[in-house]
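Here is how the chains run, residue by residue.
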Amino acid sequence: DAGVIQSPRHEVTEMGQEVTLRCKPISGHNSLFWYRQTMMRGLELLIYFNNNVPIDDSGMPEDRFSAKMPNASFSTLKIQPSEPRDSAVYFCASTTTSGTTYEQYFGPGTRLTVT
Amino acid sequence: AQKITQTQPGMFVQEKEAVTLDCTYDTSDPSYGLFWYKQPSSGEMIFLIYQGSYDQQNATEGRYSLNFQKARKSANLVISASQLGDSAMYFCAMREVYSGNTPLVFGKGTRLSVIA
């Protein structure tokens, strides 16, 4: 299996621009999570989906952030307009209700820099 | 609410020695899981080990073992025979496990440095 795929791996953009991060979960996984990692706040949940339905978006910082999961194999996280404080590593993770370890599989992350 | 506390920002260990990374947690959920992830300098998150709250025995995975003390709400990671490649950030995390897939709550992490 290819694992969780994220694109782009690195993104540098100017303040005010729209940024779209993409994630392809592992085939057959029915839950998808978006996390953000910063030095100040560590790893924190932004939003997660079960069976393509958003369950909890309370971690989304503000209305500038939005996430969609149009089908089981694709999700996007959009920031519009971007701000320097959005600079972070954004991870996508997926998992399944089958099995017994409940492990979440992480993608390689997207390092976002907003100047 | 769930909370993970890792009190050691950084640790040093001699190659081939064992090291214990501390993790305490707080939750009101009766059924939960505890996880350890490794994040090397390359940035990826690597799953190491899982312990369920109802598991009777401590989890082990190769050189990794989880010292689970439920009454103390601690879930320390023990790495035996440290290797240079073990140098990385280590994150303790938890989530409740009785209602399907739920998000992980992470600690701040411990940076482990293995010295030759």
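Residues numbered from 1 in each chain as written. Chains lettered and ligands numbered in written order. Predicted model: local features only at pLDDT ≥ 70, side-chain atom pairs only at ≥ 80, totals over all residues. Heavy atoms only, no water.

1. Notes on the overall build of chain A
Our working rule: Only runs of H or I of at least four residues qualify as helices and only runs of E of at least two qualify as strands under DSSP, and these elements are numbered from the N terminus. The globule rule used for comparison is 2.2 Å times the number of residues to the exponent 0.38, while the radius of gyration itself is calculated over C-alpha atoms. Categorising residues by exposure relies on relative accessible area from a 1.4 Å probe, with only protein chains included: less than 20% of the type maximum marks a residue as buried, more than 50% marks it as exposed, and the intermediate range marks it as partly exposed. In what follows, residue pairs with any heavy atoms lying within 4.5 Å of each other are defined as contacts. All accessible-area figures derive from a Shrake-Rupley calculation using a 1.4 Å probe, and residue coverage is judged against the displayed protein chains alone. Here Asp and Glu are counted as negative and Lys and Arg as positive; His is not counted, and neither are the chain ends. Here the site of a charge means atom NZ of a Lys, CZ of an Arg, CG of an Asp or CD of a Glu.
Counting its regular elements, chain A contains 0 helices and 11 strands. Written out in order from the N terminus, the α and β elements of chain A read β-β-β-β-β-β-β-β-β-β-β. Taken over C-alpha atoms, the radius of gyration comes to 14 Å for chain A, in line with the 13 Å a tight globule of 115 residues would show. The dimensions of chain A, computed from C-alpha atoms along their principal axes, are 40 × 25 × 25 Å. For chain A, with 115 residues in total, the buried portion stands at 49%. Nonlocal contacts in chain A, meaning residues at least 24 apart in sequence, comprise 54% of its contacts between residues at least 6 apart. Only carbon and sulfur atoms are counted for the fraction: they give 50% of the accessible area of chain A, which is about 5,700 Å². The distance from the centre of the 10 positive side-chain charges to the centre of the 12 negative ones in chain A is 3 Å.

2. Examining the pattern of salt bridges
All names here are of chain A. For the record, the criterion: In the sections that follow, a salt bridge refers to a side-chain nitrogen of Lys or Arg positioned within 4 Å of a carboxyl oxygen of Asp or Glu.
This structure, assessed with the given rule, holds 10 salt bridges over all chains. Salt-bridge contacts for Glu83 lead to Arg64; the nearest nitrogen and oxygen are separated by 3.5 Å. A residue pair is termed long-range when its members are at least 10 positions apart, and Glu83 in the loop between strand S8 (74–79) and strand S9 (88–95) and Arg64 in the loop between strand S6 (53–56) and strand S7 (65–71) qualify at 19 residues. Overall, the relative accessible area of 23% leaves Glu83 in the partly exposed class. When salt bridges that share partners are traced, they join Glu62, Arg64, Glu83, Arg85 and Asp86 into one network.

3. Notes on the state of the cysteines
The test is simple: For the purposes of this analysis, a disulfide is any pair of cysteine sulfur atoms at a distance within 2.5 Å.
Enumeration according to the criterion identifies 2 disulfides over all chains in this entry. Shown here is the disulfide that connects Cys23(A) with Cys92(A), its sulfur atoms set 1.8 Å apart. Here the S-S torsion is close to -65°, and the disulfide linking Cys23(A) with Cys92(A) is therefore left-handed. Within this pair, whereas Cys23(A) is found in strand S3 (residues 19–24), its partner Cys92(A) is found in strand S9, the two being separated by 69 residues in sequence. Side by side, Cys23(A) and Cys92(A) carry an identical accessibility label, which is buried. Each sulfur of the disulfide joining Cys23(B) and Cys92(B) lies 2.0 Å from the other.

4. Remarks on the interface of chain A and chain B
The cut-off we apply is this: Accessible area that two parts lose when put together, with a 1.4 Å probe and added across both, is what the buried area reports. Whenever two N or O atoms come within 3.5 Å, that pair is a polar contact, provided that in protein one can donate a hydrogen and the other can accept it, and provided that, for residues adjacent in sequence, both atoms are side-chain atoms. Under the scheme applied, nonpolar residues are Ala, Val, Leu, Ile, Met, Phe, Trp, Tyr, Cys and Pro; charged residues are Asp, Glu, Lys and Arg; polar residues are all the others, including Gly.
Facing 22 residues of chain A, the contacting portion of chain B comprises 16 residues. Between chain A and chain B, the buried area comes to about 1,600 Å², and carbon and sulfur atoms account for 58% of it. Of all residues in chain A, Leu43(A), Tyr102(A) and Phe106(A) give up the largest surface area on contact with chain B, accounting jointly for 35% of the area buried on that side. Where chain A packs against chain B, one counts 0 salt bridges. Our count for the contact surface shared by chain A and chain B stands at 8 residue pairs in polar contact (both at pLDDT 80 or more). For the side of chain A that touches chain B, the secondary structure elements donating two or more residues are strand S4 (31–38), strand S5 (42–50) and S9 of chain A. Of all the elements, S5(A) adds the most residues to the side of chain A that touches chain B, at 5 residues. Split by residue class, the side of chain A that touches chain B holds 9 nonpolar, 11 polar and 2 charged.

5. Looking at the sheet that holds S3(A)
Residue and element names in this part refer to chain A. Rules: If DSSP finds at least two bridges between two strands, the strands pair. Under this scheme, a helix contributes an axis fitted over its contacting stretch, all axes are lines through C-alpha atoms, and angles between N-to-C directions fall in the 0 to 180 degree range.
Spatial strand order, S1-S3-S8-S7: 4 strands in an open sheet with antiparallel pairing. Both outer strands of the open sheet, strand S1 (5–7) and S7, are each paired with one neighbouring strand and no more. The average angle at which neighbouring strand axes cross in this sheet is 15°, direction not considered.

6. As for the environment of Thr24(B)
Residue and element names in this part refer to chain B. When you line up the elements, Thr24 lands in strand S4 (residues 24–26). Separated by 20 residues in sequence, Thr24 and Ile4 have C-alpha atoms that sit 5.9 Å apart. Discounting residues that sit within four places of it in the chain, Thr24 has contacts with Lys3, Ile4, Thr5, Lys73 and Ser74.

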